[in-house]
Amino acid sequence: MPVTVVVGLQWGDEGKGKIVDSLARTSDVVVRFQGGANAGHTVVVGEQEVIFHLLPAGVLHEGVENVIANGLVVDPATLLGEIDALSKLGLSLSGKLFLSDRAHIVFPYHRWQDKATESRAGEAQLGTTRRGIGPAYSDKVIRHTAFRFCDLFDESSFRKRLERVVSEKNRWQEFFGDGESILAKELADEYLDYFGRLKEYICDTSSLLRDRDSSGKRILLEGAHGTLLDVDFGTYPYVTSSNCTALGALQGSGLPLKTMTESIGVLKAYSTRVGSGPFPTELEGKDGEWLRERGREYGATTGRPRRCGWFDAVAARYAIELNGIDRIALTKLDVLDQVDPIRVCTSYTSEGSEVSSFPAEARVLEKVEPGYVDVAGWTKATPDVTRFEDLPPQAQGYVRRLEDQTGAPVSLISVGRKRDQIIHR
Ligand code: GDP
Ligand code: IMO
Ligand code: MG
């Protein structure tokens with residue numbers, strides 16, 4: 001049965017939440033496989049806006065199972081907050097949510113470390129979400145100082161080890177941070193309390209997913225962030241700390257390679273980025289501000305204004321090839337309804353020659369000259385359009401131009417925030 005992976009192809013906030021919610025209607029299981037509460041995935045149902053940081057964006061559908069897999073770093077307070085918020089909407093996740101016993105746990109000292117490291121970096125800061133993501137993944141790799149949900153089953157060994165780790169983190173904080181310290185016993189009590197509430201969801205999710213796959217269930221893997229924020233293939237070091245690509249979906253979920261059947265890439269009709277780092281097609285000044293207001297481009301996690309710019313087909317081609325994308329979900333086409341002409345970056349030039357592959361070095365990407373083609377705009381409203389044929393001819397032309405430039409077919413087009421504002425092609 002199909003295992004479909006949905007990934008962002010830009011710098012995040014492509015509209016993955018909306019697309020995953022839409023595809024979840026015909027899925028049995030939806031899985032988050034990497035990242036943490038740095039993600040902000042928005043789903044709009046009627047007049048209600050729901051933003052998911054850790055829960056998979058399939059949770060609003062009855063009969064869908066939801067998995068937070070091994071590849072995540074989970075802040076339990078945030079997760080419980082999301083579970084409680086859904087419960088206030090009358091939605092219970094009992095028996096519908098599964099949390100990996102191998103997922104790593106985010107502690108308050110990870111947020112300290114994130115904040116202090118960023119502050120100390122001054123102008124070189126990455127502009128992280130300060131959710132403790134980098135430090136939590138560092139601890140995962142360092143191993144001595146990491147905790148997974150399975151570690152909480154043995155209370156006395158958890159308390160003992162946490163005491164040692166907290167004393168180390170307090171020393172770190174004294175030296176680099178603002179001197180705030182933590183009492184190990186209080187922290188252990190707090191986390192054992194979270195554990196008590198989360199215990200019913202904790203299990204071996206990799207085994208559960210293999211089981212669901214063998215019994216013919218349709219599995220949807222939901223990427224967070226975006227390919228250009230991938231720790232290996234993104235615009236390093238201006239990236240997040242996990243593998244946000246389809247390549248990371250197997251590792252982060254524990255599904256075998258042979259199960260994967262399709263990969264869908266989400267692309268916004270223009271580009272945005274939050275935080276620092278190169279952004280070749282960025283629009284500075286009035287044009288960028290106009291796009292930000294029109295597209296409501298403010299961070300779903302931190303509320304920060306997103307940097308905005310033209311569609312970058314060079315970066316999109318790179319992301320599509322890397323992920324092995326089969327088809328594209330194009331979002332926010334309606335945001336361009338009043339723009340004429342629309343620019344699309346089709347090449348980069350560096351020191352007078354065309355750049356043939358996506359640069360590894362941020363400082364090279366920072367300096368490339370984008371080459372643009374101008375595409376005719378349509379200056380007509382599209383949010384009510386439900387069939388591709390009914391889009392203005394220039395809007396159809398823009399979609400076809402993006403297909404030509406990126407080499408992948410566009411099969412879904414989103415023309416508004418709401419669930420029904422989607423064109424299946
Ligand atoms: P994600 O992180 O990729 O899930 O994206 P975000 O939720 O952070 O940001 C996407 C924003 O665009 C959200 O506010 C969505 O409600 C909104 N959105 C999604 N698709 C569309 C669309 O087609 N048109 C418009 N106007 N807004 C959209
Ligand atoms: P979704 O899932 C946009 C960016 C941060 C920063 C960099 C590192 O909503 O698409 P981190 O806190 O991860 O260490 O920050 O990554 N970033 C995102 N930008 N959307 C996201 O998530 C992001 N998650 C992280 O702004 O530049
Ligand atoms: Mg987002």
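Each value, and the rule that gives it
Residues numbered from 1 in each chain as written. Chains lettered and ligands numbered in written order. Predicted model: local features only at pLDDT ≥ 70, side-chain atom pairs only at ≥ 80, totals over all residues. Heavy atoms only, no water. Helix = DSSP H or I, 4+ residues; strand = E, 2+ residues; numbered from the N terminus. Rg over C-alpha atoms; globule rule 2.2 N^0.38 Å. Buried < 20%, exposed > 50% of the residue type's maximum accessible area, 1.4 Å probe, protein only. Contact = heavy atoms within 4.5 Å. Lys, Arg positive; Asp, Glu negative; His and termini not counted. Charge placed at Lys NZ, Arg CZ, Asp CG, Glu CD. Core = buried A, V, L, I, M, F, W, Y, C linked by side-chain atoms within 4.5 Å. Donors = N, O, S within 2.8 Å, 3.2 Å for Na, K, Ca; no water. Near = heavy atom within 4 Å. Polar contact = N/O pair within 3.5 Å; in protein donor to acceptor, adjacent residues only side chain to side chain. Areas by Shrake-Rupley, 256 points an atom, 1.4 Å probe, with all protein chains shown as cover. 1 Å grid on protein atoms, 1.4 Å probe; cavity = no way out; pocket = protein on both sides within 12 Å on 5 of 7 lines; lining within 4 Å. Sits in = over half its atoms within 2 Å of the grid points. Nonpolar A, V, L, I, M, F, W, Y, C, P; charged D, E, K, R; others polar. Points joined across faces, edges and corners; volume = space filled by probe spheres on them. Salt bridge = Lys/Arg side-chain N within 4 Å of Asp/Glu carboxyl O. Domains from an automatic or database assignment. Disulfide = S-S within 2.5 Å. Axes fitted to C-alpha atoms, helices over the stretch in contact; angles between N-to-C directions. Parallel < 35°, antiparallel > 145°, perpendicular 65-115°, else oblique. Left-handed = near helix turned anticlockwise from the far one by under 90°.

Caption draft 1: Region of interest: the overall build of the protein chain. Counting secondary structure elements, the protein chain contains 12 helices and 20 strands. Relative to the globule expectation of 22 Å for 425 residues, the C-alpha radius of gyration of the protein chain, 22 Å, shows essentially globular dimensions. Along the first, second and third principal axes, the C-alpha set of the protein chain runs to 65 × 50 × 40 Å. Counting across all 425 residues of the protein chain, residues that qualify as buried make up 57%. Restricting the contact set of the protein chain to residue pairs at least 6 apart, pairs at least 24 apart contribute 76%. Charge-centre separation for the protein chain: the mean point of 52 positive side chains lies 2 Å from the mean point of 60 negative side chains.

Caption draft 2: Representation of the nonpolar core within the structure. If you look at the biggest cluster of nonpolar residues, it comprises 56 residues, and the most contacted ones within it are Leu-55, Leu-99 and Tyr-109. Breaking this core down by element, the ones donating at least two residues are helix 1 (16–24), strand 4 (48–52), helix 2 (76–88), strand 7 (97–100), helix 3 (108–121), helix 5 (155–176), helix 6 (184–198) and strand 11 (262–268). Per-element accounting of this core gives the leading share, 8 residues, to helix 6. Ignoring any residue separated from it by four or fewer positions in sequence, one finds Leu-55 in contact with Ile-68, Leu-79, Glu-82, Ile-83, Leu-86, Leu-93 and Leu-97. Ranked by size, the runner-up nonpolar core spans 53 residues in total, among them Val-31, Leu-221, Tyr-270 and Val-375.

Caption draft 3: Quick look at the coordination of the magnesium ion (ligand 3). Taken together, Asp-13 (OD) and Gly-40 (O) make up the protein donors of the magnesium ion (ligand 3), found 2.0 to 2.2 Å from the metal. Of this pair, Asp-13 sits in the loop between strand 1 (3–8) and helix 1 while Gly-40 sits in the loop between strand 2 (29–32) and strand 3 (41–45), placing them 27 residues apart in sequence. Taking the relative accessible area as the measure of exposure, Gly-40 reaches 12% and is therefore buried.

Caption draft 4: Looking closely at the site of ligand 2. Surveying the vicinity of ligand 2 reveals 20 residues, the closest of which are Lys-16, Asn-38, His-41, Thr-129 and Thr-240. Contacts to ligand 2 include Gly-127, whose backbone N or O atom sits 3.4 Å from an oxygen atom. In this structure, an oxygen atom belonging to ligand 2 sits 3.0 Å away from a main-chain N or O atom of Val-274. Burial of ligand 2 by the protein amounts to 97% of the accessible area it has alone, namely 550 Å². When atom positions are compared with the pocket grids, ligand 2 is found to occupy the largest pocket. Within the shell around ligand 2, the residues separate by chemical class into 7 nonpolar, 10 polar and 3 charged.

Caption draft 5: Geometry of helix 1. Across the 9 residues that make up helix 1, a large majority, 9, are buried. Of all the residues in helix 1, the buried ones are Lys-16, Gly-17, Lys-18, Ile-19, Val-20, Asp-21, Ser-22, Leu-23 and Ala-24.

Caption draft 6: Summary view of empty space enclosed by the protein. With the rule as written, the count across this model stands at 1 cavity of 30 Å³ or more. For the largest cavity, the calculated volume is near 40 Å³. Lining the largest cavity we find Leu-9, Gln-10, Trp-11, Leu-228, Ser-271, Asp-312, Ala-315 and Ala-316.

Caption draft 7: Representation of the pattern of salt bridges within the structure. One pass over the full model with this rule turns up 26 salt bridges. With a closest N to O distance of 2.7 Å, Lys-16 and Glu-14 form a salt bridge. This pair shows no difference in class: Lys-16 is buried, exactly as Glu-14 is. Arg-102 is the partner of Asp-101 in a salt bridge, and the nearest nitrogen-oxygen pair spans 3.7 Å. On the basis of relative accessibility, which here comes to 18%, the residue Asp-101 falls in the buried class. Classification of Arg-102 by relative accessible area gives partly exposed; the value is 41%. One network of salt bridges, with partners in common, ties together Asp-13, Lys-268, Glu-297, Arg-306 and Lys-332.

Caption draft 8: A look at the site of ligand 1. Lining the immediate surroundings of ligand 1 are 19 residues, of which Lys-16, Gly-17, Thr-42, Asp-334 and Ser-414 lie closest. In the model, an oxygen atom of ligand 1 is placed 2.8 Å from a nitrogen or oxygen of the Lys-16 main chain. Look at ligand 1: alone it shows 580 Å² of surface, and the protein chains cover 94% of it. Looking at the shell around ligand 1 residue by residue, the class counts come to 4 nonpolar, 7 polar and 8 charged. When residues of the shell around ligand 1 are assigned to domains, at least three map to each of domain 1 (3–101 + 201–264) and domain 3 (268–424).

Caption draft 9: Summary view of the state of the cysteines. Evaluation of the coordinates by the stated rule reveals 0 disulfides. For Cys-308, which is in no disulfide, the shortest distance to another cysteine sulfur is to Cys-345 and amounts to 16 Å. Looking at Cys-308, the relative accessible area reads 0%, which means it is buried.

Caption draft 10: Broad picture of the packing of helix 3 against helix 5. Relative to each other, helix 3 and helix 5 sit at 20°, their axes nearing to 11 Å. Put simply, helix 3 runs roughly parallel to helix 5. Between helix 3 and helix 5 the crossing geometry is left-handed. The segment helix 3 lies against helix 5, with Tyr-109, Trp-112, Gln-113, Ala-116, Thr-117 and Arg-120 engaging Leu-162, Val-165, Val-166, Lys-169, Asn-170, Trp-172, Gln-173 and Phe-176.

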